[in-house]
Amino acid sequence: MGQKITIDPVTRVEGHGKVTLYVNNEGGIEQARFHIVEFRGFERFVQGRPYWEMPVLVQRLCGICPVSHHLAAAKAIDVIVGAGSGDELPPTAEKMRRLMHYGQIFQSHSLHFFYLASPDLLFGIDADPAKRNVLYLAQENRDLAHRAILMRKFGQEIILATAGKKIHGTGAIPGGINKHLTVEERDKFLHGPDPFNIDTMIQWSIDTLDFFHDYEKKHRDFLLSFVNFPSNYLSLVRKDGSMDLYHGVLRAIDAEGQKILPDVDYHEYYKYIEEEVRNWSYMKFPYLKVLGQDRGWYTVGPLARINTADFIDTPLAQKEFEFFRSFHGGKPCHHVMHTHWARLIEILHAAEKIKALLSDPDLLSGDLYKQGPKQYEGVGLIEAPRGTLFHHYKINDNDQIIQANLIVSTTNNNQAMNNAVLQVAQRTFKGQKKVTEGMTNAIEVAIRAYDPCLSCATHALGQMPLDIEFIDL
Amino acid sequence: MLVLGLGNPDRCDDGIGHYCVENITARSQSFKEMSLPLEAMAIYHLSIDELDVAARFPHVFIFDASMDRQLMEFSYRLVQPSAGQQFTTHLLTPEEFLYSLIRLFNFRPTLHLISIKGYCWEIGNTLSPQAQANANRAIDFFFDHLVHSLVK
């Protein structure tokens, strides 16, 4: 007789999700689903609020990646206030926002790799759960744990200096930014006492990549085979094809590397991307319209960005990028566990970008914002740590939001994560009588590679049953 | 000495920790002659991110609001390390914080916890008069007894 296995909750990810596996009579996996069980509803309840609140309000979507929402919303509102997009803003504003963003990338990726992912990689998928955490990591490799804490902290301090707060900051305003970097702040990051300075952070980023290269050599077969399936990939790239995590054009490629979206203007994303709702999850299923619902799903995030970019414009990360590409024969990489590798390349790239920006005098002085003729609609896209993030707002004559659409990074990866869960489940569950914790952790390892932010990702509306009970106290 | 004031200052008496940090910082000016360096930080809660700061100080004082209805005005105790069962390192108890310090930095400061009774937890950025009075008494205790004993 068939049975249902539930993994609830999925651990060492942000937010709440569960996995259900349907086992057939032969003990094989019939179906696997990754459910998001939170409902947030931001797209609905921001309606009626003044547009200028969005960069601050929507950050409450998440306490882990608020900067990404802050900046994506700010980019959308920039259009509404007539300031344009990207480098149309004053140089000081654009560069301060970039510094904020690279700080976010640096700290978020460090948190994920060291705190969430590395316990599985270092101690094994079947290790005692009590050991699969950063405190046990500290016991086994104190140096690595120290670096983990300080790398994350460095990124957070960059956010503090640019956004005003580490979490739910207020730095980005419609049309610009609300402060310059001070000389003291700049010097703290450029020349601070070891190890808390950017040169050490760059060196540690390189060391972490070297650590991964050693790991990869010893566990090559595992990394190549654990989760591996062809996918389309989507990300922003700069107009010249360089990786650009802050601003650019929208590119999608297929599993062979051929372009599906040939560097299109992201402000018209809705011409190319549709979202499907399914009745068993609060997370939507975006797809590329040109390929249809069944074939049009895609992956975003570090692996997608490394696959879609032509090059990286910082020298040390570029060297790693070239090695990554040559390792995969110049073709897109479909090994999901190599997302960790791609993530570490982005940590290094972010560190190099931070150093370049800290040395730029534009951050210390210059115009902070600009405005122009008001528009009634604005779209902002950014490459958040977890992938492409879409914010889209429409306003009325009273400057109130009348429509909001958010396609959050993790949402884009919904189908890909479901595919990963199914693949691992089919390989792991083969009629065993006993389901071990290691078996269920294997499913979680697959999900964890995508670094999902499940709180951010839940915004399905209208088609999910929702019971509301009013209790009169 | 490191003083950590915990809490959310936008939730009325949950801002007791921040209030204490402000007042202790102001009053600590008078301790300069005694060469007693004091650093104070107001944070929302203890997390793994504060460990490297705490690892530099032999004495760490935590000021935090308490919802304990049995508490009179404030209480004081030394904290003992404990591994705990927290599912996240974003939020640590004082016991777990000390345990993490020992595990990660091989360092054990004396960790002091001053819990101050609060009454109001709604949205607001001022302390209730009673909570403020309790906090002032706790700050007096800190300087008159705890700091004084260290300086001696």
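All figures in this text were calculated on a predicted structure; none of them were measured in a lab.

Procedures and definitions
- Residues numbered from 1 in each chain as written.
- Chains lettered and ligands numbered in written order.
- Predicted model: local features only at pLDDT ≥ 70, side-chain atom pairs only at ≥ 80, totals over all residues.
- pLDDT = per-residue confidence, 0-100.
- Contact = placed C-beta atoms within 7 Å.
- Core = buried A, V, L, I, M, F, W, Y, C linked by C-beta atoms within 7 Å.
- Buried ≥ 20, exposed ≤ 12 C-beta atoms within 10 Å, placed from the backbone.
- Helix = DSSP H or I, 4+ residues; strand = E, 2+ residues; numbered from the N terminus.
- Pairing = 2+ DSSP bridges.
- Axes fitted to C-alpha atoms, helices over the stretch in contact; angles between N-to-C directions.
- Nonpolar A, V, L, I, M, F, W, Y, C, P; charged D, E, K, R; others polar.
- Expected span 1.5 Å × (residues − 1).
- Parallel < 35°, antiparallel > 145°, perpendicular 65-115°, else oblique.
- Left-handed = near helix turned anticlockwise from the far one by under 90°.

Asker: I keep staring at the confidence of the model for chain A and nothing clicks. Help me out?
Answerer: Where the model shows low pLDDT, its predicted coordinates should not be examined in detail. Residues of chain A with pLDDT of at least 70 account for 92%, and the chain-wide mean is 89. Long-range and interchain partners of residues 462–468 of chain A, a stretch whose pLDDT sits below 50, account for 5 contacts in this model, where long-range means more than four residues apart.

Asker: How do you make sense of the nonpolar core when you look at a structure like this?
Answerer: Here is a general trend for soluble globular proteins: nonpolar side chains tend to be buried in one another's company. Among the nonpolar cores identified, the biggest contains 176 residues, and A:Ile354, A:Val421, A:Ala446 and B:Phe63 are the most heavily contacted of them. With 12 residues, the single largest contributor to this core is helix α4 (residues 91–123) of chain A. With residues near it in sequence (within four places) discarded, A:Val421 still touches A:Val19, A:Ala32, A:Phe34, A:Ile443, A:Ala446 and A:Ile447.

Asker: Honestly, the sheet that holds strand β5 (residues 110–117) of chain B in this entry has me stumped. Any pointers?
Answerer: All names here are of chain B. If you trace the 5 strands from one edge of the open sheet to the other, you get β2-β1-β3-β5-β4, paired in mixed fashion. Each end of this open sheet is capped by a strand with a single partner; those strands are β2 (39–43) and β4 (74–78). Shown here is a sheet whose adjacent strand axes are inclined to one another by a mean of 15°, direction ignored. The sheet contact formed by strand β1 (residues 2–6) and β2 spans 5 bridges and is parallel. Looking at β2, one finds that Leu 2 is bridged to Glu 39. In this fold helix α4 (residues 129–151) packs onto β3 (59–66), β4 and β5, with an angle of close to 160° to the strand it touches most, β5.

Asker: What am I meant to see in the interface of chain A and chain B here?
Answerer: Frequently, the measure chosen for interface size is the accessible area removed from exposure when the parts meet. In this complex, chain A contributes 12 residues to the contact, which on the side of chain B involves 8 residues. At the level of secondary structure, the elements contributing two or more residues to the side of chain A that touches chain B comprise α5 (134–140) and α6 (142–163) of chain A. The element best represented in the side of chain A that touches chain B is α6(A), accounting for 7 residues. When grouped by side-chain class, the residues that make up the side of chain A that touches chain B number 7 nonpolar, 3 polar and 2 charged.

Asker: Any chance you could explain α4(B) here in plain terms?
Answerer: Given 3.6 residues to a turn, an α-helix orients residues that are three or four positions apart in the same direction. All names here are of chain B. Here α4 is 23 residues long and its end C-alpha atoms lie 31 Å apart, about the 33 Å a rise of 1.5 Å per residue gives. Among the residues of α4, those classed as buried are Ala 131, Asn 134, Ala 135, Ala 138, Phe 142 and Val 147. On its buried face, α4 sits against α1 (16–27), β3, β4 and β5.

Asker: Explain the pairing of strand β14 (residues 401–407) of chain A here, please?
Answerer: Residue and element names in this part refer to chain A. Alignment of strand β13 (residues 387–395) against β14, held across 6 bridges, turns out to be antiparallel. Across the sheet, the residue bridging to His 392 is Asn 405, located in β14. Turn length for the β13-β14 hairpin, with the two strands adjacent in sequence and antiparallel, is 5 residues, and the turn residue Asp 399 shows positive phi of about 65°.

Asker: Is there a simple way to explain the sheet that holds strand β3 (residues 29–36) of chain A in this structure?
Answerer: Where strands meet in a sheet, backbone hydrogen bonds hold them as pairs that are either parallel or antiparallel. Residue and element names in this part refer to chain A. Pairing is antiparallel across the open sheet formed by 3 strands, whose spatial order is β1-β2-β3. Here the strands that pair on one side only, and so sit at the sheet edges, are β1 (3–7) and β3. The sheet shows a mean angle of 15° between the axes of neighbouring strands, direction not considered. Here strand β2 (residues 17–23) runs beside β3; their pairing, made up of 7 bridges, is antiparallel. Bridge assignment links Tyr 22 to a residue of β3, and that residue is Gln 31. The strands that helix α15 (residues 414–428) touches are β2 and β3; relative to β3, the one it contacts most, it runs at about 140°.

Asker: Help me understand the packing of helix α3 (residues 66–80) of chain A against α4(A), please; the structure alone is not making it clear to me.
Answerer: For any two helices packed against each other, the geometry comes down to the angle between their axes and how far apart the axes lie. All names here are of chain A. Contact geometry of α3 with α4 gives a least axis separation of 9 Å together with a crossing angle of 150°. For the element pair α3 / α4, the angle class is roughly antiparallel. Once α3 is placed against α4, the crossing between them reads as left-handed. Across the interface between the two elements, Val 67, Ser 68 and Leu 71 from α3 touch Arg 97, Met 100, His 101 and Gln 104 from α4. Here the residues of the contact of α3 with α4 sort into 3 nonpolar, 3 polar and 1 charged.

Asker: Could you clarify how one ought to interpret unusual backbone geometry in this entry?
Answerer: Residues apart from glycine generally show negative phi values, whereas peptide bonds are mostly found in trans. Here the amide bond leading from A:Asp194 into A:Pro195 is cis, since omega sits at 0°, within 30 degrees of zero. Here A:Pro195 is to be found in the loop between α7 (183–191) and α8 (198–218). At A:Asp451, a position not held by glycine, the phi torsion is positive, near 50°. With respect to the secondary-structure elements, A:Asp451 resides in the loop between α16 (437–448) and α17 (454–457). Non-glycine residue B:Asn106 carries a positive phi angle of around 55°. In this structure B:Asn106 comes out as exposed when scored by C-beta crowding, with 10 C-beta atoms within 10 Å.

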